[in-house]
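The residues making up each chain are set out below.
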Amino acid sequence: MIKLYACGLVLLSHFHLFAQNPAVPKKSDNPVSHQKALEEKFDQQIKAANIDRYIKEMSARPHHVGSPFDKENAESIQKQFKSWGYEANIEIFHVLFPTPKVRELQLVAPTPYTAKLMEPALKEDATSSQTDEQLPTYNCYSADGDVTGELVFVNYGIPDDYEVLESLGVDVKGKIVIAKYGGSWRGIKPKVAQEKGAIGCIIYSDPEDDGYARGDVYPEGPFKNEQGVQRGSVLDMPLYPGDPLTPNVGATENARRLERSEAKNLLKIPVLPISYGDALPLLEAMGGQVVPEAWRGALPITYHIGPGPAKVRLNLAFNWDIKPLYNVIARFEGNKYPEEWVIRGNHHDAWVNGAADPVSGMAALMEEARAVGVLAKQGYPPARTLIYCAWDGEEPGLLGSTEWVEQHADELQQHAVAYINTDGNGRGFLYAQGSHTLEKLMNEVAKDVKDPQTGISVFDRLKAYKATQAPSTEEKEKTFNTEMIEIGALGSGSDYTPFIQHLGIPAVNLGFGGESSGGEYHSIYDSYDHYRRFKDPGFEYGVTLAQTAGRITLRLANAEVLPFDFMGFYTTVNGYLEDLMKGTDAMREKTEIENKMLDSEMFVQAADPTKTYFPPAPKEPVPYLNFNDLQNAMAALESAVDQLQEMEKVKPKALSQLNENIYKAEQILLLENGLPRRPWFRHAIYAPGFYTGYGVKTLPGVREAIEQRNWKEAREQ
């Protein structure tokens, strides 16, 4: 954690150097007023009709990695960027992308059933009948395998669920597990199952989480119907994203590749997603103990854990092909600081038609970029270079963005100011996560963008929503009166990951949602018809996203001194430290109480007398960990940032060098050897959790060592 101290110290030393000869701004200079006027012109260019057209055109056919329409979309995007005044190229990478050739799932006992494994076309959905071009329902990067075994229900299939199973005496070794979607990223479910000795994994969407328990199902309503299936990758991305065969290097045509058996992020067991229509006969045939109350879903059955008597055969085989990726990279050179790059990205590939994920976000990016091009032609070019990116291969494992970042790592660390990411978008409230140096900028932008439903700012609408969700009157009042809304920390799940967590480039991820829920995710029903009916009728929030992300991009592009807030960063990280210390104390107390209970009658009496219960072994006591070095680093950082804020009030002459040191500050937080057991992830403050996938772990080296009760590693980290 000396890196935290170094971060503040380096910034402070440069402010001392450049503040010695301040330039006094002229009274007529008003960059804020100039920027606001520019943004008004920008807003006038954003048209809902254009966003509608982009979504309809790009989702007209399936466009997964390696498909004909994937390439056609990339070429169309490139052509449009060129027409708007950008220098635009397609950068091609070659990656491992398996597709199914055998998919079989049968219930072989006690009664036979063969799963349909197919989503039916609907007359209300024009593109759902494009069966010749659709990828079938599958989990990408599942292993090949033909396995037969008793079925065990594992709830969401996360580590906590296996602790419950172990307490009930249920072992999944040699069994096939069935897990609900939800509770974690899908790839964690087979990962943990494999670690526990399971020979196969089935994942289904329970209607309680994603189906008729939520509302009317498609096509009457937006939610998942009984044959809808969520496709998706099960690559072990918490180890490393990108092409499994080329970690740390760009997957160019002639890149040196690992053998598949050497790729540590590829699973060893077969995995298959199914609908709740196909899941019902399997779950109905199960016996064993009734599941805990918290595990029950909404299917019209009594849920049992097993194992058996349900026995299933799962047979999967794949074409393990190398496929091309088509990244569109569009560049508009800055007229003042051309060597400083503001990078904006969204992916263009989808599992099927992908109107919501990702085309809705891609459409907003394109309309934003078009408007920036119009402003440049009117005499308002950006001061810094803008790079707009349409990534390919995000769905299988952030392939396009990761390979591009690995290929261009040195120049990106030299020139990239920040990366702004979007993905799918819908009606509702602003959400944002990112580097906390950008939190203040995110809030300022949110206060200047109008919500199309209410007419108030998207900041005020989000604040009001958060106030309604607060647990107490005191918290509601505090939330309603706040002038700063916290943004979340970045875990993984979209294309910001390689920028921030591999290279230390500040990043922010944003979009709108919360009033556009539905069951179309990664299915054939993620279509233009579904989107215009249920996700963003009128495409108003596509406009709002373009206005919001566009302001962030333009303010970073045009600011004389980059608007990074290091005090906000300090406050947030210090909060992470306090949370970690309190959590460690709570863990110690809990362990002491549980171990005492094991030695007394209390534990036996607390168990359900109708069930056979297997008490766990006593846990190793939690030692007292010395957080002094980390606390001292935080104190030093606070002092440095206090002095820095005072110096920022005087504008220095050497702006270029000053800005370079500001945007490179986060790179100081990279760990030379990366995180334990996953060196690709190098950021000391933010990382996806080893067992959460998309979910973030802050101060990950220390936190995960404590959670895994690895006290030696905790002290080292």
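The notes below deal with the structure included here. This structure is a prediction, so every number in the text was calculated from the model and none was measured. (Residues numbered from 1 in each chain as written. Predicted model: local features only at pLDDT ≥ 70, side-chain atom pairs only at ≥ 80, totals over all residues. Heavy atoms only, no water.)

## Description of unusual backbone geometry
- Residues Tyr218 and Pro219 are joined by a peptide bond in cis, for which omega reads 15°.
- Within the secondary structure, Pro219 sits in the loop between α7 (207-210) and β7 (232-233).
- Cis geometry is found at the peptide bond from Gly306 to Pro307, where omega equals 0°.
- Within the fold, Pro307 resides in the loop between α8 (276-284) and β9 (311-332).
- Phi is positive for Leu699, which is not a glycine, with a value near 45°.
- With respect to the element layout, Leu699 can be found in the loop between β16 (696-698) and α23 (700-707).
- According to the relative accessible area criterion, Leu699 is buried, its value standing at 2%. (Helix = DSSP H or I, 4+ residues; strand = E, 2+ residues; numbered from the N terminus. Buried < 20%, exposed > 50% of the residue type's maximum accessible area, 1.4 Å probe, protein only.)

## As for empty space enclosed by the protein
- One pass over the structure, following the stated rule, counts one cavity of 30 Å³ or more.
- Computed from the structure, the largest cavity encloses a volume of approximately 40 Å³.
- Lining the largest cavity we find Tyr218, Pro222, Phe223, Lys224, Asn225, Gly228, Gly519, Glu520, Tyr525 and His530.
- When its residues are assigned to classes, the lining of the largest cavity shows four nonpolar, four polar and two charged. (1 Å grid on protein atoms, 1.4 Å probe; cavity = no way out; pocket = protein on both sides within 12 Å on 5 of 7 lines; lining within 4 Å. Points joined across faces, edges and corners; volume = space filled by probe spheres on them. Nonpolar A, V, L, I, M, F, W, Y, C, P; charged D, E, K, R; others polar.)

## Considering the packing of helix α9 (residues 355-377) against helix α17 (residues 528-535)
- Contact geometry of α9 with α17 gives a least axis separation of 10 Å together with a crossing angle of 75°. In terms of orientation, α9 and α17 fall into the roughly perpendicular class. Packed against α9, whose contacting residues are Ala355, Ala356 and Ser360, the element α17 presents Tyr528, Tyr531 and Lys535 at the interface.
- The residue makeup of the contact of α9 with α17, split by class, is four nonpolar, one polar and one charged. (Axes fitted to C-alpha atoms, helices over the stretch in contact; angles between N-to-C directions. Parallel < 35°, antiparallel > 145°, perpendicular 65-115°, else oblique. Contact = heavy atoms within 4.5 Å.)

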